[in-house]
Amino acid sequence: MHSKPDHTPQTLGKAGDAAGLSALIARATRAGKGLPPVERWNPDFCGDLDMEIRADGTWFYLGTPIGRMPLVQLFSTVLRKDEDGKTYLVTPVERVGIRVVDAPFVAVEMNVSGESEERVITFRTNVGDVVEVGPKNPLRFVDEDETGGLKPYVLVRGRLEALVARPVMYELVEFGEEILVDGVPMFSVRSNGETYPIMPVEKLRRLSA
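Calculation notes
Residues numbered from 1 in each chain as written. Predicted model: local features only at pLDDT ≥ 70, side-chain atom pairs only at ≥ 80, totals over all residues. Heavy atoms only, no water. Salt bridge = Lys/Arg side-chain N within 4 Å of Asp/Glu carboxyl O. Helix = DSSP H or I, 4+ residues; strand = E, 2+ residues; numbered from the N terminus. Pairing = 2+ DSSP bridges. Axes fitted to C-alpha atoms, helices over the stretch in contact; angles between N-to-C directions. Buried < 20%, exposed > 50% of the residue type's maximum accessible area, 1.4 Å probe, protein only. Arc of directions from axis to C-beta. Contact = heavy atoms within 4.5 Å. Core = buried A, V, L, I, M, F, W, Y, C linked by side-chain atoms within 4.5 Å.

Caption draft 1: Representation of the pattern of salt bridges within the structure. Counted according to the given criterion, the structure contains 17 salt bridges. The partner of Arg124 in a salt bridge is Glu109, and the shortest N-O contact between them spans 2.7 Å. In this pair, Arg124 is assigned in strand 8 (residues 120-125) and Glu109 in strand 7 (residues 105-113), connecting sequence segments 15 residues apart. The shortest N-O distance in the salt bridge between Lys203 and Asp143 comes to 2.1 Å.

Shown next as structure tokens:
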């Protein structure tokens with residue numbers, strides 16, 4: 001008696017390893033032709049995947065770090081953060097949830113050109129995105145009172161942000177200047193004609209005293 005071959009289609013949630021998962025995504029999205037249009041896809045939710053992006057940008061699958069950057073870059077192209085605040089891997093036929101400790105990306109390099117109102121700030125992320133700060137890709141700053149730390153984020157695409165790595169943040173604040181925002185002197189940075197407040201000048205002076 002011969003058993004019948006298993007023709008059950010593989011799914012993202014049942015992929016045995018990161019390489020198998022990447023093969024499924026590559027087939028589903030025709031990788032290599034630019035970023036997939038994940039915002040236009042509306043597949044069914046198929047459960048959560050044991051994948052996590054740590055605060056330092058390291059990706060884990062089944063509890064093991066994904067060491068191959070091409071795999072991480074491929075996964076990053078099908079990320080989407082929805083209105084429910086959760087982050088998913090999305091293909092035309094599946095949507096699976098993953099865990100993100102902080103932001104899905106990390107800005108690891110910065111370039112600045114121009115001066116004052118003509119200044120343009122550009123970031124490169126750990127997965128290779130190049131983001132020019134401006135109206136479509138704004139900066140925001142989060143002041144963590146419990147740690148006393150300042151955390152800048154830049155919007156990469158959709159609702160996905162990159163946390164600016166601490167060494168890059170120190171470079172960024174060197175371009176800060178006092179700018180009136182709604183009548184309040186704010187320590188801010190400019191890019192593409194936009195102003196991004198970091199903190200009130202009064203607070204900065206207190207911290208620097």
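Caption draft 2: A look at the sheet that holds strand 9 (residues 130-132). Read across the open sheet, the six strands follow the order 9-8-7-12-11-10; overall the sheet is mixed. The outermost strands of the open sheet, each flanked by one partner alone, are strand 9 and strand 10 (139-144). Across this sheet, the average inter-strand angle for adjacent strands is 40°, counted without regard to direction. Sheet topology note: the strand 7/strand 12 (residues 160-164) ladder contains three bridges and is parallel. Bridged to Ala107 within strand 12 is Val164.

Caption draft 3: Structural view of helix 3 (residues 166-173). Along helix 3, the positions that sit buried rather than exposed are Val168, Met169 and Leu172. Viewed end-on, helix 3 has its buried residues packed into an arc of 105°, placing them on one side of the element. Where helix 3 is buried, its residues contact strand 7, strand 8, strand 10, strand 11 (149-157), strand 12 and strand 14 (184-191).

Caption draft 4: Quick peek at unusual backbone geometry. In this structure, Ser116 takes a positive phi of about 50° despite not being glycine. Here Ser116 shows up in the loop between strand 7 and strand 8. At Asp182, a position not held by glycine, the phi torsion is positive, near 55°. Relative to the elements of secondary structure, Asp182 occurs in the loop between strand 13 (177-181) and strand 14.

Caption draft 5: Local environment of the pairing of strand 11. The buried count for strand 11 comes to nine of nine residues, which makes it a mostly enclosed element. Relative to strand 11, strand 10 runs antiparallel, the two being bridged by six bridges. Bridging across to strand 11, Leu139 finds its partner in Val154. Pairing analysis gives four bridges linking strand 11 to strand 12, with the strands arranged antiparallel. In the strand pairing of strand 12, Leu155 is matched with Glu161. Counted along the chain from strand 11 to the antiparallel partner strand 12, the turn is two residues long, and its residue Gly158 has a positive phi close to 55°.

Caption draft 6: Just the nonpolar core, in detail. Core analysis: the largest hydrophobic core is formed by 44 residues, its most contacted members being Met51, Leu89, Phe123 and Leu139. Of the residues forming this core, the biggest block, four residues, is contributed by strand 7.

Caption draft 7: Quick peek at the environment of Asp48. Following the sequence through the fold, Asp48 ends up in strand 1 (residues 45-53). By relative accessible area, Asp48 is classed as exposed at 65%. Distance from Asp48 to Leu89, taken between C-alpha atoms, is 9.6 Å for residues 41 residues apart in sequence.

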